[in-house]
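Descriptive analysis of the structure
In case you want the letters, here they are:
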Amino acid sequence: MDGLGGKPVRNSVILLRGDRIEKIGTVNTLPVPAGYEKISTEGMTVMPGIWDMHMHLLYGGYPSGGQWQTKYRDQYEKDIMPATARQELLSGVTTVRDLGAPPEVILRVKKRIAAGEIPGPTVYASGPQIAHDSGKDQTFRLMVSGPADAKEKVRELANMGVDYIKITDQETLTVDEIKAMVEEAHAHRLRVAAHARSLGEIRQGIAGGVDEFEHINLQEAEYPADIMTSLRERTANRPLLWTPTAGLQMRLGNLAENPEAVDDPSTELGFPPNIIQDMRAAVAQWKPQPVPNAREITVRKFNQLRDAGVTFLFGTDAGQTGNSHSQSMWQEMYTWVNELGMDPLLAIRRATFVAAQTMGAERESGSVSEGKFADIIAVHGDPTRHIEVLRDPVIVIKHGQRFK
């Protein structure tokens, strides 16, 4: 399954050389030359590694984000991010976009992964979320005041080497501040993503010209007419990306009834003992608070966004409680296919090739194609019939190196 949306190829053969895909064929058309290590995938589906376009390496599933930052900010780089990056990779996610972390820390972790010092997916990073009021304990936020300052902060982040700009709490920002950030980001060939947790955030973001929205809010049963009109006008003129991160909010009700999933041992992989003990104690007292009718609201709004012509990106918001890095990918894919009604091949394409296109990396990654990076996973069974087979990949190869 190449990730481009075409019909899967039966009895395929893929030759890898170094970090690249050398040739693709079938057992009848492409004999394996002598000297190649053979990895059997009988009974499996071979497909591109998944891209998670909204996640947070600094979080570990702790119920209180504020307490987590206070206790463990000094361990982000040494202990936490290497653990969550490893969990992501072993779950079949070979590329991530981190949308909220201290810039120096996340960029160093990104370089360490790229250099092969620690295992993890390829990282694209926004650095801090930009808002009008950062809050004294918000280690992953950056405060701006006025259009000039907003431009300067974006310029500083761009010069540091971030790959995206992320703004949040747009209701606290003026339209001029948002426009200034978008203008400066575009000057550096960066896109701007913004939260969509409220109608006010959406209205401000559209007025300011952001490129992308994150999440689907649950405060109202549906998006009102003025927002739908604005969305249609926007998509008629230039693309609008949207990463709904719908999975967790749609399954909180199930977690409230049966929280056993949060005790999966994979959620602790790589963390030091003191953090594991603290997480276990905190999660044991965690009481999920699902929003009434969350499923119905999410489905309705997702369909409204689809009707408005937005381009959906696949993202999980991994790191939130009940949404571990080791499990979030397959659960979000399950939501897209079985709850939101998206065709499995289309869902996989949006989680692979479309994501790579968004980051300008489609010539190098995002599909199983000759000449591209060998970012490949293999799963038992057929994800076009049972998307949940993505839960436990048998094989994970990133840039030609096998990690699982």
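In short, a report on the structure.

Definitions and cut-offs
- Residues numbered from 1 in each chain as written.
- Predicted model: local features only at pLDDT ≥ 70, side-chain atom pairs only at ≥ 80, totals over all residues.
- Heavy atoms only, no water.
- Salt bridge = Lys/Arg side-chain N within 4 Å of Asp/Glu carboxyl O.
- Helix = DSSP H or I, 4+ residues; strand = E, 2+ residues; numbered from the N terminus.
- Buried < 20%, exposed > 50% of the residue type's maximum accessible area, 1.4 Å probe, protein only.
- Pairing = 2+ DSSP bridges.

1. Observations concerning the pattern of salt bridges
Under the definition given, this model contains 24 salt bridges. We note a salt bridge from D163 to K110, for which the minimum N-O separation is 2.8 Å. Note that D163 is positioned in the loop between α4 (147-160) and β9 (165-167) and K110 in helix α3 (residues 103-114), a separation of 53 residues in sequence. With relative accessibility at 22%, the residue K110 sits in the partly exposed group.

2. Details of unusual backbone geometry
Leaving glycine out, the prevailing phi sign among residues is negative, and the prevailing peptide bond configuration is trans. A positive phi is found at H215, a non-glycine position, where the angle reads about 85°. When you line up the elements, H215 lands in the loop between β11 (212-214) and α7 (225-237). Of note in this structure, N293 is not a glycine but carries a positive phi near 65°.

3. Concerning the pairing of strand β15 (residues 395-398)
Residue alternation in β15 divides its side chains into two sets, I395 and I397 and V396 and K398, and both sets are buried. Where strand β14 (residues 376-380) meets β15, three bridges bridge the pair, whose relative direction is antiparallel. From the neighbouring strand, A378 faces β15, where its bridge partner is I395. Pairing of β15 with strand β16 (residues 401-402) involves two bridges; the strand directions are antiparallel. Residue pairing across strands places I397 opposite R402, the latter belonging to β16. What sits between β15 and β16 in their antiparallel hairpin is a turn of two residues, with H399 showing a positive phi close to 50°.

4. A word on the sheet that holds β15
In sheet architecture, strand pairing relies on hydrogen bonds along the backbone and comes in two forms, parallel and antiparallel. The strand order across the open sheet formed by four strands is β3-β14-β15-β16, and the pairing between neighbours is antiparallel. Edge strands, defined here as strands with exactly one partner in the open sheet, are β3 (44-48) and β16.

5. Let's talk about the sheet that holds strand β12 (residues 241-243)
Read across the open sheet, the seven strands follow the order β8-β7-β9-β10-β11-β12-β13; overall the sheet is parallel. With one partner strand each, in any of the chains shown, β8 (141-143) and β13 (311-312) form the two edges of the open sheet.

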